[in-house]
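# Report on the structure
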Amino acid sequence: GANFDEETYVARIFEMSLGHVTPNSFLGEGRNYPLALFSISYRQDVNLWPIDGPTWLDQSKIRMGWQDREFDTLLGYTTRAVYFPTLFALQAPIMRFMGPRLDIPIVFIYYALRLSYLALYALLVFFALRLIPFGKWVLGVIAIAPMSLILASSISPDPIIFGVIFLFIAWVLHLLDNPTSQMTRKQFLVTGMLILALCSLKPNTFFLLFLLLALPVSKFQHKRQIWGLIGVSVVGVAMSLGWTYLASQVVF
């Protein structure tokens, strides 16, 4: 749990792995969080020293112990991770399978979750590079910059957030690359799905929807496509704000 906020994201993933989508709807009910998940976090130390080999070997033996569910192995804990549940949807089954079911050592659960986020990030960046009509090297260098890779390989919604943002920008530029051709039905559906995906990230990311204003009116086959994208955008923004309000009522 060395990367920033990994500890609280692991708690949210753990809660979702047990079928509770709303943050703290399960954790907030009492002593329901495995003490081992909390105690193994790197950020529990007052001084953050590099982890040596013996320490790693000792931690590699620590298991969640969820199957026993003894009172002294659980603690009360609430997560600050209130983002949309789709940002943790793939990781929740991984946690469920490796943690409560198989009781695999926690450090390996951490690595599996990190690799899952890195794989999603790589996939989204791959499609963005395929779609963007120019600036492929610029996008590629940004995507593999050290800070980008540190975030992409951590347990955090940021890999998906940045990947979707890259993909959305690349898609808009792809549509603008040939302004004389009209938007096909397939392109309309892809645009709508990307709008919803963008709005399911952090609440401030839906401001990127203003990039759609760069599309000329001639790009659309008929006005229904324009109103359709406006409608999807309104639904996406309402979804983002609605979830933020719902989650805030649970957390605060």
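Not measured: the values here are computed from a predicted model.

### A look at the pattern of salt bridges
Per the stated rule, a full pass over the model turns up 3 salt bridges. Two residues, Arg-114 and Glu-6, come together in a salt bridge whose shortest N-O distance is 2.9 Å. With Arg-114 in helix α5 (residues 106-131) and Glu-6 in helix α1 (residues 6-17), the pair connects residues that are 108 residues apart, well separated along the chain. By the burial criterion, Arg-114 is buried, and Glu-6 matches it. Between Asp-158 and Lys-202 there is a salt bridge, and its shortest N-O distance comes to 3.5 Å. Of the two residues, Asp-158 is situated in helix α8 (residues 158-176) and Lys-202 in the loop between α9 (185-199) and α10 (223-251); the sequence distance between them amounts to 44 residues.

### Notes on α1
Helix length check: α1, at 12 residues, gives a terminal C-alpha distance of 16 Å against a target of 16 Å (1.5 Å per residue), a fit within 8%. Most of α1 is tucked away, with 12 of its 12 residues classed as buried.

### Description of the side chain of Thr-205
Turning to its location among the elements, Thr-205 is positioned in the loop between α9 and α10. Take Thr-205: its relative accessible area is 7%, and that puts it in the buried class. A distance of 3.0 Å separates the side chain of Thr-205 from the backbone oxygen of Leu-198, its partner in a polar contact. Beyond its immediate chain neighbours, meaning those up to four positions away, Thr-205 contacts Ile-161, Ile-165 and Leu-198.

### Examining the nonpolar core
Counting 62 residues, the largest nonpolar core has Phe-14 and Tyr-33 as the members making the most contacts within it. Only α1, α2 (35-39), β2 (74-76), α4 (91-101), α5, α6 (136-143), α8 and α9 provide two or more residues apiece to this core. Filtering out sequence-adjacent residues up to four positions away, Phe-14 remains in contact with Phe-26, Leu-27, Asn-32, Tyr-33, Pro-34, Leu-37, Met-64, Trp-66, Met-95 and Pro-100.

What counts and how
Residues numbered from 1 in each chain as written. Predicted model: local features only at pLDDT ≥ 70, side-chain atom pairs only at ≥ 80, totals over all residues. Heavy atoms only, no water. Salt bridge = Lys/Arg side-chain N within 4 Å of Asp/Glu carboxyl O. Helix = DSSP H or I, 4+ residues; strand = E, 2+ residues; numbered from the N terminus. Buried < 20%, exposed > 50% of the residue type's maximum accessible area, 1.4 Å probe, protein only. Expected span 1.5 Å × (residues − 1). Polar contact = N/O pair within 3.5 Å; in protein donor to acceptor, adjacent residues only side chain to side chain. Contact = heavy atoms within 4.5 Å. Core = buried A, V, L, I, M, F, W, Y, C linked by side-chain atoms within 4.5 Å.

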